[in-house]
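Results of the structural survey
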Amino acid sequence: MTGTSFDIAVIGGGIAGLTAAHHAALAGASVAHFVELGMTGGLVLNVGALDGWPSAGPIGGADLAAGLFSRNEELGVTLVPSAIDRIEGRAVKTLSGPDGTWQARQVIVATGAQLRTLDVPGAERLAGRGVSQCAWCDGGLYRDAEVVVAGGGDAALSEAIHLGQYARAVTIVTRGEMFRARQHYVSRIADDERFRLRWASEIVEVLGESGVEAVRVRDREAGAEEVIACSGLFVFVGLAPNVGLLGSHVARDAAGFVVTDASFETALPGVFAIGAVRAGYGGRLTHAVAEATSAAEIAAERCRE
Ligand SMILES: Cc1cc2nc3c(=O)[nH]c(=O)nc-3n(C[C@H](O)[C@H](O)[C@H](O)COP(=O)(O)OP(=O)(O)OC[C@H]3O[C@@H](n4cnc5c(N)ncnc54)[C@H](O)[C@@H]3O)c2cc1C
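Residues numbered from 1 in each chain as written. Predicted model: local features only at pLDDT ≥ 70, side-chain atom pairs only at ≥ 80, totals over all residues. Heavy atoms only, no water.

The sheet built from 5 strands is open, its strands ordered β8-β15-β9-β10-β11 with parallel pairing. What marks the edges here is a single partner per strand, and that holds for β8 (131-132) and β11 (195-198). Note that strand β9 (residues 146-150) and strand β10 (residues 169-173) share 5 bridges and pair parallel. Across the sheet, Val 149 pairs through a bridge with Ile 172, a residue of β10. Relative to the sheet, helix α4 (residues 154-163) contacts β9, β10, β11 and β15 (232-235), its axis offset from that of β9 by approximately 170°. (Pairing = 2+ DSSP bridges. Helix = DSSP H or I, 4+ residues; strand = E, 2+ residues; numbered from the N terminus. Contact = heavy atoms within 4.5 Å. Axes fitted to C-alpha atoms, helices over the stretch in contact; angles between N-to-C directions.)

Pasting the structure below:
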């Protein structure tokens, strides 16, 4: 399939990319969808029950992605199970990756982001041995245990609430003096004594030999340190965008997210960026879907010109 030419290339198999491929195909364009390792779902792949998603009943990320994927197949979207490393060219873009090269007239970058890790002693050594970034995958291992969650946004609180179904106590360590999260998460945590809060604090060390035994927490104002015993540490301290394929000539914000105009087009004409990779992204699946729909329709319109 390498060398094939398409109207629109969509890069990234998360919900933004799946939705963009869907709407580009509905608009009549020939679409290649580049999905790294052929695995769809992105950041919500392991989330068992999505919050704020307008569906008739509860749905998990894997099921949502699988449903979108099979609908895209029916619409004739060409799945290419490859990452893309580089985009070059002007009127026609050449996309290259480890598995080949392809051409497209318009490109939609939906490469999302990765969860940041903690850069403190012990965190890397104990990754997978008590340090986790998936409560839905690992929560069941912590029945009646004490766990710590690092972070204060939507992801941290939703995963902490999930952990609360298993753990005896969940201590949330956050650098801020308030949460930056949906109010219903905040209320749920405030009303439940299993959740303990450490405001304006940060984890400075993860302690343990063969597994996590405790974390050392520092109060950012007073400087005082405390050791909190726990057998699991769940880290949700923000996102790092997957932007390597765009090179250095596409504008980014201070945190590295891709800058676009109001139509989601980057500084490279015909190259759009949507979803979690984009500066100013709202952070929710419904925002990803809105951006994807808009960018796909604009790109398809350009292909008809
Ligand atoms: C733990 C957690 C729980 C969440 N729960 C909710 C929730 O309940 N409700 C809600 O509204 N939001 C939730 N969110 C937010 C939501 O996950 C994101 O807003 C959304 O998934 C972003 O989708 P995306 O497609 O832009 O990016 P991503 O989901 O990051 O998908 C990007 C995809 O692109 C792939 N990719 C990266 N680089 C390349 C490349 N070079 N070539 C090809 N492919 C590439 C990646 O592997 C990935 O599969 C949650 C987030 C987290 C972290």
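Picking up where we left off.
Considered domain by domain, the protein chain is made up of domain 1 (5-114 + 239-304) and domain 2 (117-235). Domain 1 puts 7 residues into the contact, and the matching count from domain 2 is 8 residues. Summing both partners gives a buried area of about 600 Å² for domain 1 against domain 2, and 49% of it is carried by carbon and sulfur. Looking at the side of domain 1 facing domain 2, the largest losses of area belong to Asn 46, Asp 51 and Arg 284, adding up to 73% of the total buried there. Taken together, the connections running from domain 1 to domain 2 amount to 2 salt bridges. Among the ionic pairs, Arg 182 bridges to Asp 51, the shortest N-O distance being 3.3 Å. Our enumeration of links across domain 1 and domain 2 arrives at 3 residue pairs in polar contact (both at pLDDT 80 or more). Split into classes, the residues belonging to the side of domain 1 that touches domain 2 amount to 2 nonpolar, 3 polar and 2 charged. (Domains from an automatic or database assignment. Buried area = accessible area lost by both parts, 1.4 Å probe. Salt bridge = Lys/Arg side-chain N within 4 Å of Asp/Glu carboxyl O. Polar contact = N/O pair within 3.5 Å; in protein donor to acceptor, adjacent residues only side chain to side chain. Nonpolar A, V, L, I, M, F, W, Y, C, P; charged D, E, K, R; others polar.)

With that settled, the discussion passes to the sheet that holds strand β14 (residues 225-229). What the 3 strands build is an open sheet, ordered β12-β13-β14; its pairing is antiparallel. Two strands lie at the open edges of the sheet, namely β12 (201-207) and β14, each paired on one side alone. Averaged over neighbouring strand pairs, the angle between their axes works out to 30° when direction is ignored. As defined by bridge partners, β12 adjoins strand β13 (residues 214-219) across 6 bridges and the pair is classed as antiparallel. Following the sheet pairing, Leu 207 is matched in β13 by Ala 214.

Before going further, it helps to spend a moment on helix α2 (residues 61-74). For α2, which comprises 14 residues, the first-to-last C-alpha distance of 20 Å matches the rise-based estimate of 20 Å (1.5 Å per residue) to within 8%. Of all the positions in α2, only Gly 61, Leu 64, Ala 65, Leu 68 and Asn 72 are classed as buried. Along the axis of α2, the buried residues cluster in a sector spanning 95°; they form a single face. Along α2, the residues that are exposed and aim more than 90 degrees away from the buried face are Asp 63, Glu 73 and Glu 74. (Expected span 1.5 Å × (residues − 1). Buried < 20%, exposed > 50% of the residue type's maximum accessible area, 1.4 Å probe, protein only. Arc of directions from axis to C-beta.)

Turning our eyes to something else, we now look at the packing of aromatic side chains. For the coordinates displayed, the defined rule picks out 3 aromatic pairs. Measuring from ring centre to ring centre gives 5.0 Å for Phe 34 and Trp 102, while their planes differ by 70°; the resulting arrangement is edge-to-face. Of this pair, Phe 34 sits in strand β2 (residues 31-34) while Trp 102 sits in strand β6 (residues 100-109); the two residues are 68 residues apart in sequence, bridging distant segments of the chain. (Phe/Tyr/Trp six-rings, centres within 6.5 Å; stacked < 30°, edge-to-face > 60°.)

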